[in-house]
Amino acid sequence: MNTPTSGTFDETDIGIVLPPSDDLGFGHVVAQQSRGRLFNRDGTSTSTKYGLRAQRTERLYLTALQVPWSVFVLWMLGAVLLMNGVFALAYAALPSGSLVGAEVLGITDPFLRAFVFSTGIFTTTGTGPIYAMGITANWLVVIESLAGPLTLVLVGGLLLARLIRPRAQVRFSESAVVAPYNGARGLMFRCVNELPSQLTDLHANVSLSLFEMHEGKRERNFHQLALERSQVALFPLHWTVVHPITADSPLLGFTPQQLREAEAELLVLITAHEETFSTRVSVRTSYYWDDITWDAKFADIFAQSTGESIAIDVERLDRLDRLPEGTTSVSSGRELTKTG
């Protein structure tokens, strides 16, 4: 039998046998050795992988798919203008007479004349009366006539990828709360679909990461939280996901101080059917112990609407109503009631 004597170890070493679902896929080493939160609020992992190439192209592609439309458009316009500007500088640096015919357009500025000519070559829309004269100028025209359409194809491909990419844009409340629930306490957060597309058949998977003492050792454990409702068929407005704190809950008797000492983190995964592209999509988020508010409850999110329809005000998603101190930061006796 081999026993590790130094360095790191993993689940395959003797004496460390965990059920596959206990660590949510992080692995024993990650679960026990990592400190701080495991996921950022936007659902991205805080871990890092070394030993791979830089992957700049892949990262740039993924970033181009995920940034807001305004940022994407500015990036694309900036990139095209920058390339045109570089070619314009090259044309402007050529000897006098390399670009002929600009006089007809009344353009006297050398750079502007070169930029107009470059734009026509780059976009394949034509340069009008301006044409290149000389070997060097014509070689630049050949290079730009190849680089321009290729760049526009890449930009168009990114635009198409953004348009046809199935996605869910679910907004989560800024904080989770421990609020009164059914005479006891409940850990809850809210979410809403920010896109006009419809999400159906939603499933919520919520796990709690806690550092706990086990056989004299402080270890990180993962607990699957039982939810009041783990799935909903329709998602027209908002959804308040609730974990009732009962005798079966890993949060039984917890106080804010205990939650901080346990470095608690709420890991949220929501999957849904996106009707526009008829496919499954998923979103993730994380609430660290200091993202959980005590002695508070969510404020009313419903708003007045015309007619008999029901409406919510998404701006109220994060609003809280403060409760008297000790309302939920002190354990309720009702938590001792065993669930059926």
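Anyway, here's the lowdown on the structure attached to this text. Small disclaimer: the values here were computed from a predicted structure and weren't measured. The numbers attached to residues start from 1 for each chain and follow its sequence in the written order. Owing to the predicted nature of the model, reporting of local features is limited to residues with pLDDT of at least 70; listing and counting of side-chain atom pairs is limited to 80 or more, with chain, interface and lining totals taken over all residues. Side-chain numbers here rest on the full set of heavy atoms in the structure, without hydrogens or water.

## A few points about the packing of helix α5 (residues 110–123) against helix α6 (residues 135–164)
Lines are fitted to the C-alpha atoms to define the axes, a helix being fitted only along its stretch in contact, and any angle between axes, read from their N-to-C directions, falls within 0 to 180 degrees. Helix and strand definitions follow DSSP, with helices as H or I runs of at least four residues and strands as E runs of at least two, each counted in order from the N terminus. Relative orientation of the contacting elements α5 and α6 amounts to 60 degrees, with a least axis distance of 7 Å. In terms of axis orientation, α5 runs oblique to α6. Residues Phe117, Ser118, Ile121, Phe122 and Thr123 of α5 pack against Val141, Glu144, Ser145, Ala147, Gly148, Pro149, Thr151 and Leu152 of α6. As a working rule, the residues Ala, Val, Leu, Ile, Met, Phe, Trp, Tyr, Cys and Pro are called nonpolar, Asp, Glu, Lys and Arg charged, and the rest polar, with Gly in that last group. Here the residues of the contact of α5 with α6 are counted per class, giving seven nonpolar, five polar and one charged. We call two directions roughly parallel when the angle between them is under 35 degrees, roughly antiparallel when it is over 145, roughly perpendicular when it lies between 65 and 115, and oblique otherwise. Contacts between residues were defined by any pair of non-hydrogen atoms, one from each residue, lying within 4.5 Å.

## Here's the deal with the pairing of strand β11 (residues 279–288)
The pairing of strand β10 (residues 265–274) with β11 spans 10 bridges and is antiparallel. Each bridged residue has a counterpart across the sheet, and for His273 the counterpart in β11 is Arg280. When DSSP locates at least two bridges between a pair of strands, those strands are taken to pair. Connecting β10 to the antiparallel partner β11 that follows it, the hairpin turn spans four residues, and Ser278 within it adopts a positive phi of roughly 50 degrees.

## As for the pairing of strand β6 (residues 199–214)
Pairing geometry for β6 and β10, over nine bridges, is antiparallel. Bridge assignment links Thr200 to a residue of β10, and that residue is His273. The pairing of β6 with strand β8 (residues 231–234) spans three bridges and is antiparallel. The partner of His203 across the bridge, within β8, is Gln231. Following β6, the chain reverses through two residues before pairing antiparallel with strand β7 (residues 217–224); Glu215 in that reversal takes a positive phi of roughly 55 degrees.

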